[in-house]
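Chain by chain, the residues run as shown.
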Amino acid sequence: MATKLQVTELDFDDIKNNLKTYMKNQTEFTDYNFEGSGLSTIIDLLAYNTHYLAMNANMAVNEAFLDTATLRSSVVSHAKTLGYTPRSARAPIAYVDVTLNSFTGGSATIAKGTKFTTKVDGSTYGFVVNSAQTVSPVNGITRFVNLPIYEGTLVTAKYTVDSANLEKKYMITDARADTTTLKVSVQNSVSDVTTTTYTLATDISQVTKTSNVYFLQEIEDGKFEVYFGDGVVGSKPSDGNIVSLEYIVTNKDKANGASVFSGTSVAGESDVTVATLVSASGGAEPETIQSIKYNAPLDYSSQGRAVTTQDYKTIVPQVYADTKAIQVWGGEDNNPPRYGQVYLAIKTQSGINL
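Residues numbered from 1 in each chain as written. Predicted model: local features only at pLDDT ≥ 70, side-chain atom pairs only at ≥ 80, totals over all residues. Heavy atoms only, no water.

S.K.: Got a minute to help me understand the overall build of the protein chain in this structure?
M.R.: A count of helical and extended segments in the protein chain gives five helices and 16 strands. A compact globule built from 354 residues should have a C-alpha radius of gyration of about 20 Å, whereas the protein chain, at 29 Å, is more than 25% larger. Principal-axis analysis of the C-alpha atoms gives the protein chain an extent of 105 × 65 × 50 Å. Long-range contacts, defined here as pairs at least 24 residues apart, represent 65% of the contacts in the protein chain between residues at least 6 apart. If you sum the accessible surface of the protein chain, you get close to 20,100 Å²; carbon and sulfur atoms cover 51% of it. For the protein chain, the distance from the average position of its 28 positive side-chain charges to the average position of its 36 negative side-chain charges is 4 Å. (Helix = DSSP H or I, 4+ residues; strand = E, 2+ residues; numbered from the N terminus. Rg over C-alpha atoms; globule rule 2.2 N^0.38 Å. Contact = heavy atoms within 4.5 Å. Areas by Shrake-Rupley, 256 points an atom, 1.4 Å probe, with all protein chains shown as cover. Lys, Arg positive; Asp, Glu negative; His and termini not counted. Charge placed at Lys NZ, Arg CZ, Asp CG, Glu CD.)

Below, the structure is given as structure tokens:
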């Protein structure tokens, strides 16, 4: 009676030995030399093929679950089903006072995209203004106070809406983009420059068919895609509309710690003084696979609320990417007790300020 073939092993050598054992127990191959014959090569091929199939099946099953997935695309996909969007790269932010020493007008505006430069470890980095500000002179001094500037390059991408093109995507094309700096607007058409600003949807229960919101998801290669509602959940842009995406592409954590800045021209003035209030900090790499696996289920369980200590531990790193470690306790556990309050102790990866 022929021996049954064992199919439980995954190792190549074990598979090959099982095939040999099976063949040796066939009457057609009694006393056959499997080591020195051409049949040995065929057994090798069968063992390799079986090994590959077993490995592919094992990997496919692993990728089907959040806990065992190893590919970032798989982990991100599972996180999406839980309503979790991985954190993008983060740009370092510094806060400065900018004084126009020779300005004599009634008001001055610092435009979005105004550049400042700094040096860190011998390398030069550029910082930009992400929102325009207008100030008037006070006691003869024209100064932009507590102005946030972001490390990186301001990028603008424009797409024309075409519902007939099913493959049309509104892409953030650089994996180093900081999605917290993203500004989305929709222009009516080439001839009609009327523009509507869209905001990121954070609470689906508050979104109606007329809500001007956009949704964000990570796709391949760590890049992000902006997409809109369907006219039932969120408003749907019409054909011919022009979608504009403005965001900052950053060098992530390389400019953390920058403290001396200079600007060549601000609001049309070249005689400017830049005083640093808070050194650059907060620059960070995109969220890691391990972090996504850990945070996605916790974020789902928190349901967007901040009630338990674990809720706070989940939310804070999303808001402040420079978090290295965090401890949270309720006021009832404080000494002395302070009811109705929550205490957070945060250790940063760089800098000393939050």
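S.K.: Honestly, the packing of aromatic side chains in this entry has me stumped. Any pointers?
M.R.: Ring pairs (aromatic) are described by centroid distance and by the angle formed between their planes. In this structure the tally under the stated criterion is six aromatic pairs. Relative to F228, the ring of Y170 has its centre 5.6 Å away and its plane inclined at 70°; by these criteria the two rings are edge-to-face. With Y170 in strand β8 (residues 170–172) and F228 in strand β12 (residues 224–228), this residue pair connects regions lying 58 residues apart in the sequence. Note on F228: relative accessible area 12%, which makes it buried. Between Y198 and F228, the aromatic rings sit 5.3 Å apart at their centres with planes inclined by 85°, giving edge-to-face as the arrangement. Placement of the pair is Y198 in strand β10 (residues 195–200) and F228 in strand β12, with a sequence separation of 30 residues. Grouping residues by exposure puts Y198 and F228 together as buried. Taken together, Y159, Y170, Y198 and F228 form an aromatic cluster joined through their ring pairs. (Phe/Tyr/Trp six-rings, centres within 6.5 Å; stacked < 30°, edge-to-face > 60°. Buried < 20%, exposed > 50% of the residue type's maximum accessible area, 1.4 Å probe, protein only.)

S.K.: I keep staring at the packing of helix α4 (residues 289–302) against helix α5 (residues 309–319) and nothing clicks. Help me out?
M.R.: Relative placement of two packed helices is described by the angle separating their axes and the distance separating the axes. Between α4 and α5, whose axes approach to 9 Å, the crossing angle comes to 120°. Accordingly, the angle class assigned to the pair α4 and α5 is oblique. Considering only the axes of α4 and α5, their crossing is left-handed. Touching Y294, N295, L298, D299 and S302 of α4 are Q310, D311, T314 and Q318, all from α5. Split into classes, the residues belonging to the contact of α4 with α5 amount to two nonpolar, five polar and two charged. (Axes fitted to C-alpha atoms, helices over the stretch in contact; angles between N-to-C directions. Parallel < 35°, antiparallel > 145°, perpendicular 65-115°, else oblique. Left-handed = near helix turned anticlockwise from the far one by under 90°. Nonpolar A, V, L, I, M, F, W, Y, C, P; charged D, E, K, R; others polar.)

S.K.: What exactly am I supposed to notice about a nonpolar patch on the surface here?
M.R.: Residues I204, V232 and V233 make up a contiguous nonpolar surface patch of roughly 260 Å² in combined accessible area. In this fold, V232 is placed in the loop between β12 and β13 (242–249). (Patch = residues over 30% accessible without salt bridge, like charges linked within 9 Å, V, L, I, M, F, W, Y side chains within 5 Å. Salt bridge = Lys/Arg side-chain N within 4 Å of Asp/Glu carboxyl O.)

S.K.: What am I meant to see in unusual backbone geometry here?
M.R.: Residues other than glycine predominantly adopt negative phi, and peptide bonds predominantly adopt the trans conformation. Residue N335 is joined to P336 through a cis peptide bond whose omega torsion reads 5°. At N146, a position not held by glycine, the phi torsion is positive, near 55°. As for its position among the elements, N146 is in strand β6 (residues 142–151). In this model, A267 sits at a positive phi of 55°, which is unusual for a non-glycine residue. Within the fold, A267 resides in the loop between β13 and β14 (272–281). A relative accessible area of 28% means that A267 is categorised as partly exposed.

S.K.: What is the right way to look at the nonpolar core in this model?
M.R.: Counting residues in hydrophobic clusters, the biggest one holds 23 residues, and the most contacted among them are F116, F127, F144, L147, I149, F261 and V266. Residue assignment for this core shows that the elements contributing at least two residues are β1 (93–100), β2 (108–110), β3 (115–120), β4 (123–129), β6 and β14. In terms of residues, this core owes the most to one element, β1, which gives four residues. Ranked by size, the runner-up nonpolar core spans 21 residues in total, among them Y170, A177, Y198 and V243. (Core = buried A, V, L, I, M, F, W, Y, C linked by side-chain atoms within 4.5 Å.)

S.K.: Explain the sheet that holds β6 to me, please; I cannot follow it from the model alone.
M.R.: Where strands meet in a sheet, backbone hydrogen bonds hold them as pairs that are either parallel or antiparallel. Pairing is antiparallel across the open sheet formed by five strands, whose spatial order is β3-β4-β6-β1-β14. One side of each edge strand has no neighbouring strand; the edge strands of this open sheet are β3 and β14. Taken over all neighbouring pairs, the strand axes of this sheet differ in orientation by 35° on average, direction set aside. As judged from the seven bridges shared by β1 and β6, these two strands associate in the antiparallel manner. Counted as the bridge partner of V96 is L147 from β6. (Pairing = 2+ DSSP bridges.)

S.K.: Would you mind going over the sheet that holds β10 with me for this structure?
M.R.: The strand order across the open sheet formed by seven strands is β7-β13-β9-β10-β11-β12-β8, and the pairing between neighbours is mixed. Because the sheet does not close on itself, it has two edges, and the strands there are β7 (153–160) and β8. Adjacent strand axes in the sheet meet at a mean angle of 30°, parallel and antiparallel pairs treated alike. Here seven bridges tie strand β9 (residues 177–187) to β13, and the two strands are oriented antiparallel to one another. Within the sheet, the bridge partner assigned to V184 lies in β13 and is L245.

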